[in-house]
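Chain by chain, the residues:
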Amino acid sequence: MEMSSKLLERAVAEISQLPGIGKRTALRLALHLLKQPKEQTEHLTEAILKMRDDIQFCRECHNISDVEVCEICSNHSRDKSIVCVVEDIRDVMAIENTGLFKGIYHVLGGKISPIDGIGPSQLNIPTLVEKVKNGTAKELIFALSSTMEGDTTNFYIYKQIKDCDVVLSAIARGISIGDELEFADEVTLGRSIIHRVPFENSLKNH
């Protein structure tokens, strides 16, 4: 895409690297920013830089947070004995939007995928196992996407803690095979958590 300004061309190239943003959309956004007061662009830039520099990961659940312990983990009304195991922070947001889950979360930061070079050591699995072994977690709800990688990750964690005194459950398969949690509607996702099934049952279905 030829442009009369190299500065604009560079801005478009950077914006188009964002997920779901093509060159044409990037150009539209860049031109929109040019039309806005300079202060508005500065506010946007400051907000992005502030987020990038200051955002933290909760020391307890690995969710994003502005402080050392996130609002969910520090909320005394949440049941810390029930831990919902999810792939990433978008899944936390999706489940929280249902308003039906009152436990806490554990964000793995991905799922085991040998083809992508992601093994168990690259995920937040050790801290989850520790929660189970020290008795903090009484129930784990596996809420990873129902893909081969998600099932592999669930089974790996299961093998690490199967001899521990913990209830293991999985979200009901109201969500289609291969679907990601963030794209499930709130009613379906909420029901899948409420009607969760013993994890051993999910093993028999494979």
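Values in this document were obtained by computation on a predicted structure and should not be read as measured data. (Residues numbered from 1 in each chain as written. Predicted model: local features only at pLDDT ≥ 70, side-chain atom pairs only at ≥ 80, totals over all residues. Heavy atoms only, no water.)

**Student:** Please explain the pairing of strand β4 (residues 103–107) as it appears in this structure.
**Tutor:** Looking along a regular strand, one sees side chains alternate from face to face of the sheet. The buried count for β4 comes to five of five residues, which makes it a mostly enclosed element. Here five bridges tie strand β3 (residues 79–86) to β4, and the two strands are oriented parallel to one another. Following the sheet pairing, valine 83 is matched in β4 by isoleucine 104. With helix α4 (residues 89–96) bridging β3 and the parallel β4, this β-α-β connection has right-handed handedness. (Buried < 20%, exposed > 50% of the residue type's maximum accessible area, 1.4 Å probe, protein only. Helix = DSSP H or I, 4+ residues; strand = E, 2+ residues; numbered from the N terminus. Pairing = 2+ DSSP bridges. Right-handed = clockwise from strand over helix to strand, strands pointing away.)

**Student:** What is the right way to read the sheet that holds strand β6 (residues 167–170) from this model?
**Tutor:** Paired through backbone hydrogen bonds, the strands of a sheet run either parallel or antiparallel to each other. Here five strands make up an open sheet; going across it, the order is β4-β3-β5-β6-β7 and the pairing mixed. Two strands bound the open sheet, and with one partner strand each, they are β4 and β7 (197–198). On the sheet, helix α5 (residues 126–133) packs against β3, β4 and β5 (139–142) and is oriented at approximately 145° with respect to β4. Strands β3, β5 and β6 of the sheet are contacted by helix α6 (residues 148–161), whose axis makes an angle of about 165° with β5. (Contact = heavy atoms within 4.5 Å. Axes fitted to C-alpha atoms, helices over the stretch in contact; angles between N-to-C directions.)

**Student:** I keep staring at the UniProt feature "zinc finger region: C4-type" (unreviewed entry) in the protein and nothing clicks. Help me out?
**Tutor:** The sites that carry the UniProt feature "zinc finger region: C4-type" (unreviewed entry) are, in the present numbering, residues 58–73. From the first C-alpha to the last, residues 58–73 spans 8 Å; its make-up is 0% helix and 12% strand. (UniProt positions renumbered as here; feature names shortened; annotations may be inferred.)

**Student:** Explanation requested: the packing of helix α1 (residues 6–15) against helix α2 (residues 23–35) in the structure shown.
**Tutor:** Axis angle and axis distance: for two packed helices, these are the angle between their axes and the distance between the axes, and together they describe the pair. Where α1 meets α2, the axes come as close as 8 Å, and the angle between the chain directions of the two elements is 125°. In this view, α1 runs oblique relative to α2, as classed from their interaxial angle. α1 and α2 meet at a crossing whose hand is right-handed. When α1 is examined against α2, the residues Leu8, Val12, Ala13 and Ile15 are found in contact with a partner set consisting of Lys23, Ala26, Leu27, Leu29, Ala30, Leu31 and Leu34. Class assignment for the residues of the contact of α1 with α2 results in ten nonpolar, no polar and one charged. (Parallel < 35°, antiparallel > 145°, perpendicular 65-115°, else oblique. Left-handed = near helix turned anticlockwise from the far one by under 90°. Nonpolar A, V, L, I, M, F, W, Y, C, P; charged D, E, K, R; others polar.)

**Student:** It is not clear to me how the pairing of β5 should be interpreted in this structure. Could you clarify?
**Tutor:** Neither face of β5 is exposed, since Glu139 and Ile141 on one face and Leu140 and Phe142 on the opposite face are all buried. Pairing between β3 and β5: four bridges, direction parallel. Considered in β5, the bridge of valine 83 is made with leucine 140. Examined bridge by bridge, β5 and β6 share four bridges and lie parallel to one another. In the strand pairing of β6, leucine 140 is matched with leucine 168. With α6 bridging β5 and the parallel β6, this β-α-β connection has right-handed handedness.

**Student:** Teacher, can you tell me more about α4 here?
**Tutor:** When α4 is considered as a whole, its buried residues turn out to be Asp91, Val92, Ala94 and Ile95. Summarising the axial view, the buried residues of α4 lie within an arc of 165°, below the 170-degree limit, and thus occupy one face. (Arc of directions from axis to C-beta.)

**Student:** Hey, could you run me through the pattern of salt bridges in this one?
**Tutor:** With the rule as written, the count across this model stands at seven salt bridges. Of the charged contacts in the structure, one is a salt bridge between glutamate 96 and arginine 78, with a shortest N-O distance of 2.8 Å. On the criterion of sequence distance, the pair formed by glutamate 96 in helix α4 and arginine 78 in the loop between β2 (64–65) and β3 is long-range, its members being 18 residues apart. In this structure glutamate 96 comes out as partly exposed when scored by relative accessible area, which is 28%. We classify arginine 78 as buried; its relative accessible area is 12%. (Salt bridge = Lys/Arg side-chain N within 4 Å of Asp/Glu carboxyl O.)

**Student:** What's the story with the packing of α5 against α6 in this structure? I'm lost.
**Tutor:** Closest axis-to-axis distance for the α5/α6 pair is 10 Å, and the angle between their directions is 40°. Taken together, α5 and α6 sit at an angle that is classed as oblique. Judged by the sense of rotation from one axis to the other, the crossing of α5 with α6 is right-handed. Residues Leu128, Val129, Val132 and Lys133 of α5 lie in contact with α6, whose contacting residues are Ile157, Gln160 and Ile161. Residue composition of the contact of α5 with α6, by class: five nonpolar, one polar and one charged.

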